[in-house]
Amino acid sequence: MSSSSTALRELQRDLENKANDLSKLQKDIAKNHQVRKKYTIQLGENELVLKELDLLNEDANVYKLIGPVLVKQDLAEANANVRKRIEYISAESKRLDASLQDLEEKKYSKREAILKVQQRIQSHQAGKAKA
């Protein structure tokens, strides 16, 4: 009888650990979504800046805000900087998408493992009830 209750306690502990892992994965997924949203906003802003820069004449004055100071910048340099930023943000977004897919797969497998442990606990309790 005591080995049966020990086995049940082990299963419950295992279930609790898996549930904690699942909770951590869900927090990581939420964090990923939050960062992804930030990058999406930045990408939109930078694409808008690029469109604005494309509308300018080559001899137009372009200024960059550095701290509290506006510093004159070459149009070609400003264009290159914005394009690099867009490349970087796009690459980060792709990396986050891959990470999110990995986290979702881990979450799915963790849920499956939790269901299996719950079924084992139920069958263990059903066997105990018949005895």
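Rules used throughout
Residues numbered from 1 in each chain as written. Predicted model: local features only at pLDDT ≥ 70, side-chain atom pairs only at ≥ 80, totals over all residues. Heavy atoms only, no water. UniProt positions renumbered as here; feature names shortened; annotations may be inferred. Helix = DSSP H or I, 4+ residues; strand = E, 2+ residues; numbered from the N terminus. Buried < 20%, exposed > 50% of the residue type's maximum accessible area, 1.4 Å probe, protein only. Contact = heavy atoms within 4.5 Å. Areas by Shrake-Rupley, 256 points an atom, 1.4 Å probe, with all protein chains shown as cover. Lys, Arg positive; Asp, Glu negative; His and termini not counted. Charge placed at Lys NZ, Arg CZ, Asp CG, Glu CD. Polar contact = N/O pair within 3.5 Å; in protein donor to acceptor, adjacent residues only side chain to side chain. Patch = residues over 30% accessible without salt bridge, like charges linked within 9 Å, V, L, I, M, F, W, Y side chains within 5 Å. Salt bridge = Lys/Arg side-chain N within 4 Å of Asp/Glu carboxyl O.

- Per an unreviewed UniProt entry, the protein chain goes by the name Prefoldin subunit 6-like isoform X1 and belongs to Durio zibethinus.
- Under the Sequence similarities (unreviewed entry) heading, UniProt states for the protein chain: "Belongs to the prefoldin subunit beta family."

## Some details on the overall build of the protein chain
Then, number 1: Each helix and strand counted, the protein chain has two helices and two strands in total.
Then, number 2: For the protein chain, the sequential pattern of α-helices and β-strands runs α-β-β-α.
Then, number 3: Its C-alpha atoms give the protein chain principal-axis dimensions of roughly 90 × 25 × 15 Å.
Then, number 4: Within the protein chain, the proportion of its 131 residues that are buried is 24%.
Then, number 5: Sequence-distant contacts, at least 24 apart, represent 78% of the contacts inside the protein chain between residues at least 6 apart.
Then, number 6: Accessible area of the protein chain: about 9800 Å², with a carbon and sulfur share of 53%.
Then, number 7: Across the protein chain, the centroid of the 25 positively charged side chains sits 11 Å from that of the 20 negatively charged ones.

## Here's the deal with the side chain of Asn46
Then, number 1: Looking at the secondary structure, you find Asn46 in helix α1 (residues 2-55).
Then, number 2: For Asn46, a relative accessible area of 7% corresponds to the buried category.
Then, number 3: Within the local environment of Asn46, its side chain forms a polar contact with the backbone oxygen of Gln42, the two atoms lying 2.8 Å apart.
Then, number 4: Every residue in contact with Asn46, bar those within four places of it in the chain, is listed here: Val82, Arg85, Ile86 and Ile89.

## Structural notes on a nonpolar patch on the surface
Then, number 1: On the surface, a nonpolar cluster with roughly 350 Å² of combined accessible area is contributed by Tyr63, Leu65 and Leu70.
Then, number 2: Topologically, Tyr63 is positioned in strand β1 (residues 62-66).
Then, number 3: Note on Tyr63: relative accessible area 46%, which makes it partly exposed.

## Quick word on the pattern of salt bridges
Then, number 1: Tallying each qualifying case throughout the model produces nine salt bridges.
Then, number 2: One salt bridge in this structure joins Lys24 and Asp28, with 3.4 Å as the shortest N-O distance. Here Lys24 pairs with Asp28, and both are found in helix α1, just four residues apart, close to one helical turn.
Then, number 3: The exposed category is assigned to Lys24, whose relative accessible area is 53%.
Then, number 4: Accessibility expressed as a relative area gives 28% for Asp28, which makes it partly exposed.

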